[in-house]
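Chain by chain, the residues run as shown.
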Amino acid sequence: MEGNLKQALSCDILICGAGLAGLSLAYRGIESGKWLNEKIFIVDPSIKAENDKTWSFWKKEKGPFDDLIFKSWTNLSVFSNAGEKINLETGNYTYNSIRSVDFYHHTRTYLKAQPNVTFIHEAVQRLHTNADGCLAETDQYEIKARYAFNSIYEKPVLKSSTQYFLQHFKGVIIKCPEIQMAEHEAFLMDYRTDQTNGTTFLYTLPLGNNELFVEYTLFSKQLLEQSAYDDAIEKYLKSILKLTKYEILHKEYGVIPMTDHDFNRFDGHIVNIGTMGGDTRGATGYTFANVQKTITNILAAWSGSGDLNLWKENISAKHKLYDAIMLNVLNDGNYAGHELFRDLFKNAKAHYIFKFLDAETGISEDLSIITSLKPMPFLKALSKVLRSKISN
C-alpha cells in the first residue's frame, strides 16, 4: 500500500486459517442459522484447491460432514510387529475417510455463496485482543472484529517437562490388480515394519476398483528424509502385501504435533481452535472428530446477542492426564510403542478404546483400558507427570 498505510476493515467474526477447523466453523455457523446475520471474514493465503490430506476417523453416530465420506470400513484389524493379526471388536463404530479436496470444495462453494462471508487471501501477520474485540493485520489490511477464531498453528514455548512428539506420515494411493484385501476390511495399525525410528505403523485402506490407500506413520521427535518414507512404503507393498506391480496415483505428506502442552483456548476475544486450541488428541494425533465437537460447543455457547460463553471442554483434564502419561511412557522407552498398542488392542475391546480416545469414558471404562497394559511403565510415568505438575 502507498505510504505503508493499511486499509481498515471491520467484521463481526474473523476466522484466521481456512483449513479443517476454520472452514468447518464458518460452514456450520451459517448452516445452523446462528451466524446468518454476522459479517464474517475468512483469512488465509491458500486457496485450498488440492487434496493435501485425508482425514480418517471412527464414528458411531451421524456427523456434520457424513455426506463427504468417500469410504467406510466395518471390519478393522491390527497387526503386531511379529505378524499376529488382531481382529477388533468395533461394536457400532465404523472407520471413515474424507478427502480434504472434497471438504474444501464443498465448504468453500457454500461459503462463497453467502452474502455475509468474505475470503481474504493474505497471511495473518499479527493478531491481538483488546477491550473492544480483536485486531488482525495482513500485508494490506487492518481488520477489527468482535471475535477471532484462530487455527493458525505456532509451536508453543514448552516447559522442560513437556513432551512434544511428532506424528509424521506419508500416504499413497496405488492401483494394482493384485490387491487381495476385502473392500470392507481395513488395517488400522500394521506394525509389520521397522521400529528403529520410533513407533511406526501403516494404515492400509482398500478403496475398491483395485485401489489401495497406504500411509506410513511414525510417532517420534525427529522427521525423516522424504526418501525414507518412500522406501518404507515400497518395502511394505512388496514384502508384506506381496504386490509386484502397481501405479502410484496420489501422494500426501503431513506432520501433526502430539504433546501434553496445555494450549490456551481463550485469549480475550480470540478463541483458538483446531490444533492451536488443543483439539488434537495428545496421545494419538486424531483431530477431525474433536474439532467438530468443539465447534458444536462454540455454536451452543453463542448467545442471541452474539456473545460467547464458556463451555466444558470435550477433552477433559482427566483425559489430558492420560495423554501426558502415555507420551511419557513412549519417551521413557520402557514399553515399546508397537508392543503397547498390540497389548491395548489385544486385551481390550476396540469400541471401548475408541470411546476412550474420544474422551467419552467413565472411570470403570478407563480401568478396562488401563488394566490391558503393563502397569509399571505407566506408574513410573504417572509419578513423573505428577511431580512436574507440582513443581510447576
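Residues numbered from 1 in each chain as written. Predicted model: local features only at pLDDT ≥ 70, side-chain atom pairs only at ≥ 80, totals over all residues. Heavy atoms only, no water.

Under an unreviewed UniProt entry, the name given to the protein is Lycopene cyclase, and the source organism is Pedobacter quisquiliarum.

Asks: Can you lay out the sheet that holds strand β3 (residues 54–59) for me, pointing to particular residues and giving the numbers?
Replies: Taken in spatial order, the 3 strands of this open sheet run β3-β7-β4, and their pairing is antiparallel. Two strands in the sheet have a free side with no partner beyond their single neighbour: β3 and β4 (71–73). Ignoring strand direction, the axes of neighbouring strands in this sheet form an average angle of 20°. (Pairing = 2+ DSSP bridges. Helix = DSSP H or I, 4+ residues; strand = E, 2+ residues; numbered from the N terminus. Axes fitted to C-alpha atoms, helices over the stretch in contact; angles between N-to-C directions.)

Asks: So what's going on with helix α2 (residues 100–112)? Which residues, and what values?
Replies: The end-to-end C-alpha separation of α2 is 18 Å, in line with the 18 Å expected for 13 residues at 1.5 Å each. Among all positions in α2, only S100, F103, Y104, T107, R108 and L111 are buried. End-on view of α2: buried residues confined to an arc of 105°, all on one side of the axis. Buried positions along α2 lie against α1 (20–31), β2 (40–43), β3, β7 (94–99) and β8 (117–120). (Expected span 1.5 Å × (residues − 1). Buried < 20%, exposed > 50% of the residue type's maximum accessible area, 1.4 Å probe, protein only. Arc of directions from axis to C-beta. Contact = heavy atoms within 4.5 Å.)

Asks: If you had to explain the sheet that holds strand β5 (residues 75–79) to someone new, which residues and values would you point to?
Replies: Reading across the sheet, the 7 strands line up as β6-β5-β13-β14-β15-β12-β16 and stay open at both edges, with mixed pairing between neighbours. Edge strands, defined here as strands with exactly one partner in the open sheet, are β6 (85–87) and β16 (247–259). Taking the axes of each pair of neighbouring strands and ignoring which way they run, one obtains an average angle of 20° across the sheet. Across the sheet, helix α3 (residues 226–240) lies against β12 (164–175), β13 (185–190), β14 (199–208), β15 (211–220) and β16, angled at about 55° from β12, the strand it touches most.

Asks: Quick rundown of the pairing of β15? Include the residues and the values.
Replies: Judged by how many residues are buried, β15 sits mostly within the fold: 9 of 10 residues are covered. Judged from the 10 bridges that link them, β12 and β15 form a sheet pairing that is antiparallel. Paired with H168 across the strands is L218, a residue of β15. Here 9 bridges tie β14 to β15, and the two strands are oriented antiparallel to one another. Opposite F201, over in β15, you have T217 as the bridge partner. Counted along the chain from β14 to the antiparallel partner β15, the turn is 2 residues long, and its residue N209 has a positive phi close to 55°.

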